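# Residue-level structure breakdown
The primary structure of each chain is shown beneath.
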Amino acid sequence: METITIVLNGKEISGRSGMTVLELAREAGVKIPTLCHSPHVAPFGACRVCLVEDEARHVLVASCVTPIAPGMTIRTDSPFVLETRRTVVELLLSSHPEACVLCDKGNACALRALAAELGIGGIDMDRIRRYSEIETANAFIERDLTKCIMCGLCVRACQEIQVIGAIDFAGRGFNARPATPFDMPLDKAACEYCGTCVTLCPVGALSEKTRQYRGTGLEQTPTVCSFCGSGCSIMLQTRGNRVMSVEPNEENSVNGASLCVRGHYGHDYIHNPERLTVPLIKENGSFKEASWDTALDLIAQRLMDIREQSGPDSIAVFGSFRCTNEENYLIQKFARAAVGTNNVSSSARMSTSPNIVGLTKAFGYPGATGTIADIEKSGVILCLGANPHESHPLIAQKIKRAARFHGAKLLLADPRQSRMTPFAHLWLRPAPGTDIALVNAMLRVIMDENLYDKDFVRERVDGLDKLLECARRYPPAYASKVTGVPVEQIVEAARVFAGADAACIIYGSGITQYPNATNSVLAIANLALATGNLGRPGAGVYPLVKENNGQGACDMGVLPDYLPGYRKVSDPEARADLEKLWGVAPPAGEGLTGVEIISQAAAGGIRAIMNVGANPVAVFADSTTMKKALESLDFFVALDIFPTPTTDLAHVVLPVACFAEKDGTFTSAERRIQRVRKAVDPPGQSRPEWQALSDLCRRMGLPADYKSPADIMAEIARAAPIYAGVSYARLERQTLHWPCESADHAGSPVLYEHGFPHRDRAQFMKVEYLVPDEETDMNFPFSLITRSHLYHFGSGARTMHSKQLKEMFPECFLEIGAEDAEGLAVADGQRVKIVSRAGSMELPARITPGLPRSVVFVPVSMSAAEVNSLFSTQLDVVTRTPNRKMCAVQIERM
Ligand code: SF4
Ligand code: SF4
Ligand code: SF4
Ligand code: FES
C-alpha cells in the first residue's frame, strides 16, 4: 500500500493511500468533531462539522469523506474552519428543538457537546421547526424525529450493519427524514429492535424506551452477552447497584456497534424480583429458608453418605452454559475429584457432542475452524439446519453482509421460509432430517465432475476411498426423492460450492440434535475437505454452538467422556497429569450422559444429582419422564438464579449470581475466550457458583483455596493444553482463540492453516443417511420442527423474566401453512392441540406463509418443557444425544 505524507496542523504526517483526512488525523491524535461519521458504516458527508481547511488549495473539505493526497496542507483549527463549523452547528440548531434540559440524551448528545465546545449558547437565526409525532407504540424504542439532524447513521446502521432495511430516507429537502416504508410505525415495519440505530444516533431523536436512568454519568463495565454463542461484547451501564442499560462494546469486539434485541434489551432479567435470593431446604414438601453454612453442610453430608452407601457412580453432576469457564471447570473437578465420578454432563453437550466427536475425528479439534468476522470473506456460504437470524443474529448479520455487499452466494438449506431466505442464491428445502442425503449427493456431483480439490486431498486428507464409496451411493436422483430437493438444485449447489475460492459451511442444532447427528457433522466435514475449504479465512466449518458458554462448558470437560481440553477420560497420561494437579486421580471409565443419568435415576442406579445452573426438566426431551426421575432421587440439589420447574423438585436450592454479578470467562462459538466482569452485587444472599463449589469441595475434603476466578484460570491453563497460554493478565488486553498453547502463543483464530494435529492429515469418513424413526403416518401426518426464536432464548428461564421481551412475545405458538390450516379448518389465532407419540400440548395457531405442506413449526424457548415433552427419547446413534428437532404430530382443532 502506498504511503502518502501530508502536512497536518504544521507537522508532516504519513498515512496509507485510501485513508481519509479524518482517519489520519485520529491516528495522529488530532481531534476533529463529527456528527454523521461512524467507523462502522460507510462515510456519508452529511453534517459538515468535520470541515477542515486545505491551505494548499484554499478550500474547506469534509475530512470524513476526503482521502489524503500528496501535497495536502491541512488545518483543523484555523479561524476559517472554526467560524464555518460554528455556522454549520448554528444551522443545525436552528431546526432543532430548544428542549435540551428535558431531553433524555442529556450530556451524551453529540450536538449539544459540540455546541458547548464551540461556545454556542443562543443562536441568532430564524428557527424553522420540524415537528414530528413521538412514536412509542413498540416495546423497545422511542422515536422523536423533531430532534433528528439527518445524519443518516440510523439508516446506515439498519442497512449496512444489520442488513435489515427497516428504515430509509423519505421525502426531499427540508422534509427529508429517516422513515419506514409508508411511514408505518416500527412495530408494523421490518424492524427487529436490535437498537443499533439507537446506539449510533448522536442526538435524542432515537432513545431506549424503558431506559431506567435518564441522566448521564453511568459506570461502564465491559463484559460479554449472556445469550447466544456469538459472544458479543457488551458494556453494562450501571448506577449504584443496578444495571441501567446495555450498549455494544465496540473495542476489540466481534460485534462492533451492533447487538441484537436480546443482547440490547433482554438483560433486565438481572433485576427481576423473582430472583432466588436465599438458600432453601425442603422440609415436609415445602421450602424453608436456611443459611449458606447449613445448606452446604447438608449437601456435603448427604453426598458423602450416598457415596459411602452406593459408591461415587450413584451420584451425577450437571453443569451449564450459563456458568463461566472457571465454574464449569470446578463443576467437573467437583464430580471427578471430590465425588469420584465421571457422571458429569450439561445441556450444552446435547447439541455439541456431535461436533466434538465429528469434528475431532475429521479434523482434530472440536470447534469452528474460523472466525465469525471471516464469514464475510466467504465466496459461498452453505447454511444447513439453522436459522441464524433467530438463533445467532450476529452470525446472520455477517452472512447477510457477505451476500449483500461482497457478492457471496448463500446456499440456504431450510424447509421453512425465514428472514434469511431473501439473501439466498439458492433456497433448498430438504425434508427435515435428510441433510446427509443432500450433502452426499452434492459430493457425488463434485466427484463425478472432477470438481474436488485434488492437491488438497492428496496432500492433506486420508480415506478418499470412503468418500468415493459414500458419494457413489447418492446419485442426485435418489437424493432428490429422499430430500424433496429438485435434482437440478442439488447439482447447482454442488457446482457453486466447489467453484468458490473460499466456501464455508454453517450449521446449527437442526443438524446436531437429530438421531443421526454425528454422521451429519461428518458429512459436512467431508464436503469441506473434498473442496479444500479449510485453513484459510473465509473457508471452513462453523457449528453454531447455541449458548453463550456452550463451547466453554465442553472445553472445561463437563462431559462424561472428556477431561478439560478434550483429553479422553480413558487416556492414562491425561489422568496422571490431573492427579498431579488435583492430588486425586479422575476415574478411568466413561461416565453416563445426561439422558442416561436420568434413566438411571428413574431405575434407582443414580441416587443423587447436583445440578449447577441447568434446567433439565425444560431442556431434555420427554420432560414428564425427567420429572418423575428427579422426584425419585434420594437427594437433588439445584443452583440457579430463578425458580424453575427443575428447582421446584430439589431438596436444596442455592441462589447464585448471574453473569453480571461475577468475574470469569466465556468461550464463544468461534473459540474466542473473553472476560466476564462483575458490574453489580448479586441480590440477597446469592453467590457466584465458583464460591459455592469451592466451599463444597473443601467440605468434602478436596482443597479448593481459590481467591478469585483468576486463580481457577491459572489451574485451567495447567489442566487443559488448549488453554495453556490463557491468563487473566492477557485477557485484560485482548481476547484469545484456543488452541493457545503457551504464554507467547498468539492464539488460533483460524485452525489448520499449517496442517492437521493428527499426523498432519484429516480424515474422510463414510456416512449414510438413515430413515428417521419418527416418520409421519396416518395418525401423525405432520412433521413438527423446532428452532430458536429471536426474542427468547434457551429454556426461556431468563428471557421470560425480561419485561420487554416477554411483552413482545408473551406466549409460544404453532406456525402452520395456509393450506394445512384450511384443511383442518383452523383459523389464525385459534388454539390447537398438538399430539405426538410421546405427549401433547395446546397452543394458538399462526397461519404462516413459507412452510411446506405437512410441516409445522414451534419455537422452543417460550414453553420449552411442554414442547420437549412432545419428543420421545430418540438418541444420536454415536453420541447418545437426544433428538429435539423433529417429530411426527397430529394437529387437532379445539
Ligand atoms: S432497531 Fe434495528 S432493525 Fe429497527 S430500525 Fe433500528 S437498526 Fe433497523
Ligand atoms: S434519527 Fe438520529 S441517527 Fe437517524 S438521521 Fe436522525 S439524528 Fe441521525
Ligand atoms: S447475537 Fe447473541 S451474543 Fe450477540 S447480542 Fe444477540 S444474543 Fe447476545
Ligand atoms: S462527520 Fe464529516 S460530514 Fe459529518
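Computed from a predicted structure; not experimentally measured.

## Observations concerning the site of ligand 3
Near ligand 3 the following residues occur: Cys225, Phe227, Cys228, Ser230, Gly231, Cys232, Leu259, Cys260, Arg262, Gly263, Pro393 and Leu394. When residues of the shell around ligand 3 are traced back to their parent elements, those giving at least two are α6 (261–265) and α11 (393–405). Tallied by class, the residues present in the shell around ligand 3 amount to eight nonpolar, three polar and one charged.

## Quick look at the site of ligand 2
Residues in contact with ligand 2 amount to 13 residues; listed here are only the nearest, Cys148, Cys151, Gly152, Cys154 and Cys201. Of the residues belonging to the shell around ligand 2, the class tally is 12 nonpolar, one polar and no charged.

## A word on empty space enclosed by the protein
On inspection of all chains with the given rule, the structure shows 13 cavities of 30 Å³ or more. Estimates place the volume of the largest cavity at around 240 Å³. Sorting the residues of the lining of the largest cavity by element identifies α9 (347–362), α22 (616–619) and α29 (864–868) as the ones contributing at least two each. Residue composition of the lining of the largest cavity, grouped by class: six nonpolar, 11 polar and five charged. When residues of the lining of the largest cavity are assigned to domains, at least three fall in each of domain 3 (280–349 + 551–662 + 683–707) and domain 5 (782–893).

## Quick word on the packing of aromatic side chains
Summed over all chains, the structure comprises 19 aromatic pairs. Here the aromatic rings of tyrosine 329 and tryptophan 582 are separated by 6.4 Å at their centres, their planes lie at 70°, and the arrangement is edge-to-face. On the criterion of sequence distance, the pair formed by tyrosine 329 in helix α8 (residues 325–339) and tryptophan 582 in helix α20 (residues 572–582) is long-range, its members being 253 residues apart. The class for tryptophan 582 is buried, based on a relative accessible area of 6%. Between tyrosine 474 and tyrosine 478, the aromatic rings sit 5.8 Å apart at their centres with planes inclined by 55°, giving tilted as the arrangement. Using a relative accessible area of 3% as the deciding quantity, one classes tyrosine 474 as buried. A cation over a ring is seen here: arginine 671 above tryptophan 738, with NZ or CZ 5.6 Å from the ring centre.

## A word on the pairing of strand β13 (residues 280–283)
Regular strands place side chains that alternate from one sheet face to the opposite one. Pairing geometry for β13 and strand β14 (residues 286–289), over four bridges, is antiparallel. Looking across to β14, one finds that glutamate 283 is bridged to serine 286. Connecting β13 to the antiparallel partner β14 that follows it, the hairpin turn spans two residues, and asparagine 284 within it adopts a positive phi of roughly 50°. When β13 meets strand β27 (residues 652–655), the two strands line up antiparallel, connected through two bridges. Counterpart to leucine 280 in the pairing with β27 is valine 653.

## Examining the pattern of salt bridges
Between side chains of opposite charge, a pair can form as their charged atoms come close. Using the criterion set out here, one finds 46 salt bridges in the structure. Residues arginine 698 and aspartate 695 are paired through a salt bridge, measuring 2.4 Å at the closest nitrogen-oxygen approach. Placement of both arginine 698 and aspartate 695 in helix α24 (residues 689–699) is noted, with a separation of three residues, approximately one turn of the helix. For arginine 698, a relative accessible area of 36% gives the class partly exposed. One continuous salt-bridge network, built from bridges that share partners, spans Arg322, Glu327, Asp640, Lys662 and Glu689.

## Concerning α24
Taken across its 11 residues, α24 has eight buried, putting it largely inside the fold. What α24 keeps buried is the set Glu689, Trp690, Ala692, Leu693, Ser694, Asp695, Leu696 and Cys697. Where α24 terminates, the next one or two residues include glycine 701, which has phi positive at roughly 90°.

## Observations regarding the layout of surface pockets
By volume, the largest pocket amounts to about 1,000 Å³. Elements with a contribution of two residues or more to the lining of the largest pocket: β6 (141–143), α5 (196–200), β9 (206–208), β11 (233–239) and β12 (242–248). In the lining of the largest pocket, the residues fall into 17 nonpolar, 13 polar and 12 charged. Summarising the domain contributions, the lining of the largest pocket has at least three residues from each of domain 1 (3–94) and domain 2 (125–271).

## Points about α8
Between its first and last C-alpha, α8 extends 20 Å over 15 residues, near the 21 Å set by a 1.5 Å rise per residue. Of all the bends in α8, the largest measures some 30° and sits at lysine 333. Looking one or two residues past α8, glycine 340 carries a phi angle of roughly 100°, positive in sign.

## Here's the deal with the environment of serine 872
Assignment of secondary structure puts serine 872 in the loop between α29 and β37 (886–893). Measuring from C-alpha to C-alpha, the distance between serine 872 and arginine 86 comes to 70 Å, with 786 residues separating the pair along the chain.

## As for the domain arrangement of the chain
Each assigned domain of the chain is listed with its residue range as follows: domain 1 (3–94), domain 2 (125–271), domain 3 (280–349 + 551–662 + 683–707), domain 4 (368–543) and domain 5 (782–893). Its C-alpha centre places domain 3 at a distance of 38 Å from the equivalent point of domain 4.

## Concerning the sheet that holds strand β30 (residues 736–737)
Taken in spatial order, the three strands make up an open sheet running β28-β29-β30, and their pairing is antiparallel. The open sheet has two edge strands, β28 (664–667) and β30, and neither has a second partner. Taken together, the two bridges between strand β29 (residues 672–676) and β30 define a ladder with antiparallel strand orientation. Residue arginine 672 lies in a different strand from β30, and its bridge partner there is histidine 737. Each of β28 and β29 touches α8; the most contacted strand, β28, lies at about 90° to it.

Rules behind the numbers
Residues numbered from 1 in each chain as written. Chains lettered and ligands numbered in written order. Predicted model: local features only at pLDDT ≥ 70, side-chain atom pairs only at ≥ 80, totals over all residues. Heavy atoms only, no water. Near = heavy atom within 4 Å. Helix = DSSP H or I, 4+ residues; strand = E, 2+ residues; numbered from the N terminus. Nonpolar A, V, L, I, M, F, W, Y, C, P; charged D, E, K, R; others polar. 1 Å grid on protein atoms, 1.4 Å probe; cavity = no way out; pocket = protein on both sides within 12 Å on 5 of 7 lines; lining within 4 Å. Points joined across faces, edges and corners; volume = space filled by probe spheres on them. Domains from an automatic or database assignment. Phe/Tyr/Trp six-rings, centres within 6.5 Å; stacked < 30°, edge-to-face > 60°. Buried < 20%, exposed > 50% of the residue type's maximum accessible area, 1.4 Å probe, protein only. Lys NZ or Arg CZ within 6 Å of the ring centre and 35° of its normal. Pairing = 2+ DSSP bridges. Salt bridge = Lys/Arg side-chain N within 4 Å of Asp/Glu carboxyl O. Expected span 1.5 Å × (residues − 1). Bend = angle between axes of the 7 residues up to and from the residue. Contact = heavy atoms within 4.5 Å. Axes fitted to C-alpha atoms, helices over the stretch in contact; angles between N-to-C directions.

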